[in-house]
Amino acid sequence: MKIDLRYGRDGYELHLPDEWDVRVLRKPPLPVLDDPLHALEQSLEQPDGGEPLSAAARGCSSACILVCDITRPVPNGLILPLLIRRLLDYGMALERITILIATGLHRPNLGAELAELINDPWVLEHVRIVNHDARDHEQHTDLGATDAGTPIMLDKRLVEADLRIAVGLVEPHFMAGYSGGRKLVAPGVAHERTITRLHSAQLLEDPRVTNCNINDNPLHGEQLQIVRKLAPLYAINTVLDEERRVCLLNFGEVERSHARAVEFVRAHAELLIHERFANVVTTAAGHPLDATYYQAVKAMVGASDAVQPGGALFVAAACSEGLGSPEYCQAQQRLIDLGPDEFLARLLDKRNAAVDEWQTQMQLRATRRFGVHLFSQGLSALQRSLTGVQVVDSLERALWRSVEQSGDSRLAVIPEGPYLIPKYELADGVNSVS
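Rules of the game
Residues numbered from 1 in each chain as written. Predicted model: local features only at pLDDT ≥ 70, side-chain atom pairs only at ≥ 80, totals over all residues. Heavy atoms only, no water. Phe/Tyr/Trp six-rings, centres within 6.5 Å; stacked < 30°, edge-to-face > 60°. Lys NZ or Arg CZ within 6 Å of the ring centre and 35° of its normal. Salt bridge = Lys/Arg side-chain N within 4 Å of Asp/Glu carboxyl O. Helix = DSSP H or I, 4+ residues; strand = E, 2+ residues; numbered from the N terminus. Buried < 20%, exposed > 50% of the residue type's maximum accessible area, 1.4 Å probe, protein only. Pairing = 2+ DSSP bridges. Axes fitted to C-alpha atoms, helices over the stretch in contact; angles between N-to-C directions. Contact = heavy atoms within 4.5 Å. Core = buried A, V, L, I, M, F, W, Y, C linked by side-chain atoms within 4.5 Å. Arc of directions from axis to C-beta. Polar contact = N/O pair within 3.5 Å; in protein donor to acceptor, adjacent residues only side chain to side chain. 1 Å grid on protein atoms, 1.4 Å probe; cavity = no way out; pocket = protein on both sides within 12 Å on 5 of 7 lines; lining within 4 Å. Points joined across faces, edges and corners; volume = space filled by probe spheres on them.

A. Region of the structure containing the packing of aromatic side chains. Considering all chains together, one arrives at seven aromatic pairs under this definition. Aromatic rings pair up to connect Tyr-7, Tyr-12 and Phe-375 into one cluster. Here the basic side chain of Arg-85 rests over the ring of Trp-122, its NZ or CZ set 4.1 Å away from the ring centre.

Structure follows, in structure tokens:
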């Protein structure tokens, strides 16, 4: 049996014995838009909540357009030219339009990476494009605090714009429930103090802070309080299928349009399963998400419900850029030095997280329950030692050994990684595999 996995830019062909009982977990087919550009044009004038763009832009002399950083495959080359030309048609001067990359605390996107992200030469050449810098205190405006005391400090280029639009991808997210919408604001263009509070260990240990939950997710609630300070704020939301084809493009007031996009994708991204497996293979979704080990943690958490307690999860992630930020490497070193229990205990004593240590905390959600094995061709020996999991040189050989040890040839494979979330024994009404 051959299964194509999302891995790096080129993918990985996984070869498994035909006699194994292999379940390939995929989204049910999503309806692909025949003409995404036309769908966007329609939605700009028939929004999912709030005013049409023509009315929202009336009287506005400046605009700030938020876009995701390189870790999200948003079809910006389709969206941005149309959006910007519409604003020009409404009388806005080109020099008064800013594209702000919602990096959070990630590194800036520059050079060839920026060109790939924007994916339109005209926009790249003619529109002001800047990276958010969460550590630049002078570039932020203090808007108070949430009810829970999270400081609301946001990039002033967004705060001071007359028209604000967030362009994002809506897919499962292991903390916020679903990505996109309000997440482009916080953490996307928030100050370091805001981001580190939103990622505090106390908040992330709440079991409601998890994939696909936005109903009573306290992190989602904090994010909504923050974006309400910016009303009106609009969003363009995108949903893609496994082949990265556009299945939904909608525009509207940020809360309502994002909720509509979540409603659309939920029926496809959440998969009810009636059994767990001793061995599960998943991916970090390929390029651009799997460029770092930091992002591969999403795959570990996303597949967790499919793995038997004490079982084995195998994650394929290219990690072409290594582990991630220096701060993340330091957090991983602390995990190795202290061990999981002491590492977590020290986090819980702090009101604000240290930068990027939250990803190490999330890794523990998986490794406390089952063994994690990483297949990656992008890590040095030193970087491998900091993963906190077992790194394997051959995915197939490692699976053979694990199947022999478990005595169980039933195997689940999730080619798309964290874009599909298996849910064990959920209520009726969700797609299921048994």
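B. Region of interest: the pattern of salt bridges. Evaluated as defined, the whole model comprises 24 salt bridges. We note a salt bridge from Arg-72 to Glu-171, for which the minimum N-O separation is 3.1 Å. Note that Arg-72 is positioned in the loop between strand 4 (63–68) and helix 3 (76–89) and Glu-171 in the loop between strand 9 (163–169) and strand 10 (172–173), a separation of 99 residues in sequence. A salt bridge links Glu-255 to Arg-228, with the shortest nitrogen-to-oxygen separation between them at 2.7 Å. Here the residue Glu-255 occupies a position in helix 10 (residues 254–269), and Arg-228 occupies one in helix 9 (residues 218–228), the gap between them amounting to 27 residues. According to the relative accessible area criterion, Glu-255 is partly exposed, its value standing at 26%.

C. Focus on unusual backbone geometry. The omega torsion of the bond from Ala-231 to Pro-232 falls at 0°, within 30 degrees of zero and hence cis. Tracing the backbone through its elements, the reader meets Pro-232 in the loop between helix 9 and strand 12 (234–240). Located in the positive-phi region is Cys-212, a residue other than glycine, with phi close to 70°. Here Cys-212 lies in the loop between helix 8 (201–204) and helix 9.

D. Fine view of the sheet that holds strand 5 (residues 97–102). Read from one edge of the open sheet, six strands run 6-5-4-9-12-13, paired in mixed fashion. Edge positions in the sheet fall to strand 6 (128–131) and strand 13 (246–253), since each of these pairs with one other strand and no more. Strand-to-strand twist in this sheet, taken as the mean axis angle between neighbours without regard to direction, amounts to 20°. Sheet topology note: the strand 5/strand 6 ladder contains four bridges and is parallel. Across the sheet, Leu-100 pairs through a bridge with Val-130, a residue of strand 6. Along the sheet, helix 3 makes contact with strand 4, strand 5, strand 9, strand 12 and strand 13, crossing strand 4 at roughly 175°.

E. Spotlight on the nonpolar core. Counting residues in each nonpolar core, the largest one holds 112 residues, and the members touching the most others are Ile-65, Ile-99, Leu-163, Val-185 and Ile-236. With seven residues, helix 11 (residues 293–302) is the single largest residue contributor to this core. If near-sequence neighbours (up to four positions away) are discounted, Leu-163 is found in contact with Leu-53, Ala-56, Ala-57, Cys-60, Ser-62, Ala-63, Cys-64, Leu-87 and Tyr-234. With 21 residues, the next largest nonpolar core counts Tyr-12, Leu-16, Trp-20 and Phe-375 among its residues.

F. Region of the structure containing the pairing of strand 13. Burial analysis of strand 13 places eight of its eight residues in the buried class, which makes it a mostly covered element. Across seven bridges, the pairing between strand 12 and strand 13 is antiparallel. The partner of Leu-240 across the bridge, within strand 13, is Val-246. As consecutive antiparallel partners, strand 12 and strand 13 are separated by five residues, and within that stretch Arg-244 has a phi angle of approximately 65°, a positive value.

G. Up close: helix 13 (residues 340–348). For helix 13, the full list of buried residues reads Phe-343, Leu-344 and Leu-347. One side of helix 13 carries all its buried residues, which in axial view fall inside an arc of 90°. On the buried face of helix 13, the contacting elements are helix 8, helix 12 (326–338) and helix 14 (357–367).

H. Fine view of the environment of Arg-6. Turning to its location among the elements, Arg-6 is positioned in the loop between strand 1 (2–5) and strand 2 (12–15). Here the alpha-carbon distance between Arg-6 and Glu-275, two residues 269 residues apart in the chain, equals 24 Å. When residues no more than four places from it in sequence are discounted, the contact partners of Arg-6 are Glu-242, Glu-243, Arg-244, Thr-283, Ala-285, Gly-286, Ala-316, Pro-415 and Glu-416. Within the structure, Arg-6 has its side chain in polar contact with the backbone oxygen of Glu-242 (distance 2.2 Å).

I. Representation of empty space enclosed by the protein within the structure. Evaluated as defined, the whole model comprises four cavities of 30 Å³ or more. Taken as a whole, the largest cavity spans an internal volume of roughly 390 Å³. As for the largest cavity, its lining consists of 30 residues, of which Arg-72, His-106, His-173, Lys-183 and Pro-187 are closest to the centre. Top element by residues in the lining of the largest cavity is helix 11. It accounts for three residues.

J. Representation of the sheet that holds strand 3 (residues 21–24) in the model. Reading across from one edge, 3-19-15-16-17-18 is the order of the six strands in this open sheet, with parallel pairing throughout. Of all the strands in the sheet, just strand 3 and strand 18 (390–392) have a single pairing partner and so form its edges. Pairwise comparison of adjacent strand axes, ignoring direction, gives a mean angle of 25° for this sheet. Bridge analysis of strand 17 (residues 371–375) against strand 18 gives three bridges, and the strand direction is parallel. Bridge pairing in strand 18 places His-373 opposite Gln-390. Together, strand 15 (277–283), strand 16 (307–316), strand 17, strand 18 and strand 19 (410–414) form the strand contacts of helix 16 (residues 395–406), whose direction differs from that of strand 15 by roughly 165°.

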